[in-house]
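Each chain is listed here by its residues.
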2 protein chains.
Amino acid sequence: MFKELLQEVVDGTEGAVAGLVMGFDGIAVETYTANDEVPTETIGMEYSVVLGQVRQAAEMLELGETREVSVRAESMTTVMRLLNEEYFVAVALLPHGNPGKARFALRMRSAELVTALS
Amino acid sequence: MFKELLQEVVDGTEGAVAGLVMGFDGIAVETYTANDEVPTETIGMEYSVVLGQVRQAAEMLELGETREVSVRAESMTTVMRLLNEEYFVAVALLPHGNPGKARFALRMRSAELVTALS
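Residues numbered from 1 in each chain as written. Chains lettered and ligands numbered in written order. Predicted model: local features only at pLDDT ≥ 70, side-chain atom pairs only at ≥ 80, totals over all residues. Heavy atoms only, no water.

**Structural notes on the packing of aromatic side chains**
For any two aromatic rings, the description comes down to two numbers: the centre-to-centre distance and the angle of the planes.
So, step 1. Across all of its chains, the model carries 2 aromatic pairs over all chains by this definition.
So, step 2. Here the basic side chain of R55 of chain A rests over the ring of F24 of chain A, its NZ or CZ set 4.0 Å away from the ring centre. (Phe/Tyr/Trp six-rings, centres within 6.5 Å; stacked < 30°, edge-to-face > 60°. Lys NZ or Arg CZ within 6 Å of the ring centre and 35° of its normal.)

**Structural notes on the relation of the copies chain B and chain A**
So, step 1. Overlay of chain B on chain A (RMSD 0.0 Å): rotation 180 degrees, translation along the axis 0.0 Å. Expressed as a symmetry operation, the mapping of one chain copy onto the other fits a two-fold axis. Across chain B, the rotation axis passes nearest the C-alpha of S70 of chain B, at a separation of 2.5 Å.
So, step 2. When the interface residues of chain B are mapped onto chain A, 100% of them again fall at the interface, so both copies present the same face. (Least-squares fit on C-alpha atoms with pLDDT ≥ 70 in both. Contact = heavy atoms within 4.5 Å.)

**Comments concerning the environment of V71 of chain B**
So, step 1. The residue V71 of chain B is located in strand β3 (residues 66-73) in this model.
So, step 2. Judged by relative accessible area, V71 of chain B falls into the buried class, the value being 0%.
So, step 3. In this structure the C-alpha to C-alpha distance between V71 of chain B and P99 of chain B, which are 28 residues apart in sequence, comes to 9.9 Å.
So, step 4. Ignoring any residue separated from it by four or fewer positions in sequence, one finds V71 of chain B in contact with V54, T66, E68 and V69 of chain A together with Y47, M76, T77, T78 and M80 of chain B. (Helix = DSSP H or I, 4+ residues; strand = E, 2+ residues; numbered from the N terminus. Buried < 20%, exposed > 50% of the residue type's maximum accessible area, 1.4 Å probe, protein only.)

**With respect to the nonpolar core**
So, step 1. One finds Y47, L63 and V69 of chain A together with Y47, L63 and V69 of chain B to be the most contacted residues of the largest nonpolar core, which totals 48 residues.
So, step 2. Not counting chain neighbours up to four residues away, the residues in contact with V69 of chain A comprise L51, V54, T78, V79, M80 and L82 of chain A together with S70 and V71 of chain B. (Core = buried A, V, L, I, M, F, W, Y, C linked by side-chain atoms within 4.5 Å.)

**Remarks on the pattern of salt bridges**
All names here are of chain A.
So, step 1. For the structure on display, the rule yields 18 salt bridges over all chains.
So, step 2. E68 serves as the salt-bridge partner of R103, at 3.5 Å between the closest nitrogen and oxygen. Pair noted here: R103 is in helix α3 (residues 99-117) and E68 is in strand β3 (residues 66-73), with a separation of 35 residues, a long-range link.
So, step 3. What makes E68 buried here is its relative accessible area of 6%.
So, step 4. A salt bridge links R109 to E112; its shortest N-O distance comes to 3.0 Å. With R109 and E112 both in helix α3 and 3 residues apart, this pair spans about one turn of that helix. (Salt bridge = Lys/Arg side-chain N within 4 Å of Asp/Glu carboxyl O.)

**Section: helix α2 (residues 40-60) of chain A**
Residue and element names in this part refer to chain A.
So, step 1. Compared with an ideal rise of 1.5 Å per residue, which puts 21 residues at 30 Å, α2 spans 30 Å between its outermost C-alpha atoms and is within 8% of the ideal.
So, step 2. Along α2, the positions that sit buried rather than exposed are T40, I43, G44, Y47, S48, V50, L51, V54, A57 and A58.
So, step 3. At the C-terminal side of α2, E62 shows a positive phi close to 55 degrees. (Expected span 1.5 Å × (residues − 1).)

**Some points on the packing of α2 of chain A against helix α2 (residues 40-60) of chain B**
So, step 1. It is the contact of α2 of chain A with α2 of chain B, at a shortest axis distance of 10 Å, that shows an interaxial angle of 175 degrees. Classified by the interaxial angle, the pair formed by α2 of chain A and α2 of chain B is roughly antiparallel. Within the contact between the two elements, α2 of chain A uses E46, Y47, V50, Q53, V54, A57, A58 and M60 of chain A and α2 of chain B uses E46, Y47, V50, Q53, V54, A57, A58 and M60 of chain B.
So, step 2. When its residues are assigned to classes, the contact of α2 of chain A with α2 of chain B shows 12 nonpolar, 2 polar and 2 charged. (Axes fitted to C-alpha atoms, helices over the stretch in contact; angles between N-to-C directions. Parallel < 35°, antiparallel > 145°, perpendicular 65-115°, else oblique. Nonpolar A, V, L, I, M, F, W, Y, C, P; charged D, E, K, R; others polar.)

By themselves these figures say nothing about function.
Below is the structure:
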């Protein structure tokens, strides 16, 4: 079901080009790429390291669990939602894309993902 | 002018409690705190480390310059905008706050900040 869910989120979001469900260890459970030029898994792996550091920082600051992290770079925006202690889901969008919609879609589908992952 | 600008952005954004302009080395140029319980500078220092790592990841992935990073944790959302090679500006909001408005305000004021910092 992961592939279908990722495809629905990516294809339903303006400017979205890829999505993945990945462990914080950088190993992907599933990826979906609408544009073959996007190195989805490499992006996920790099950002999985960053997410681990964000979680640590938020924990140290006693801000509670980290829920979402968005990174807007010049040529790609990445919206990541942390699912549980082990996994996150992410969507990558081109600069003209709608990260708010991606964020909303990930929030709406996260319970489903959490259930499937546990 | 940094204090005034931070105050305008924070006081003009629903749920925002603090703002700062900081170097990636974790040294603050200016901070403004609407709620004294928020450890503004400590949050900035922790996240400055994270921002450095995000920039490195985006650079390695050839995604271009990192422009904005948002982190939503359970008890606080932090919106950060990178200004140049050395500095970033950040606003911290309570969970009911409006990060979209904070992001917009930082975008609108960033040219002004960049000029003042150079």
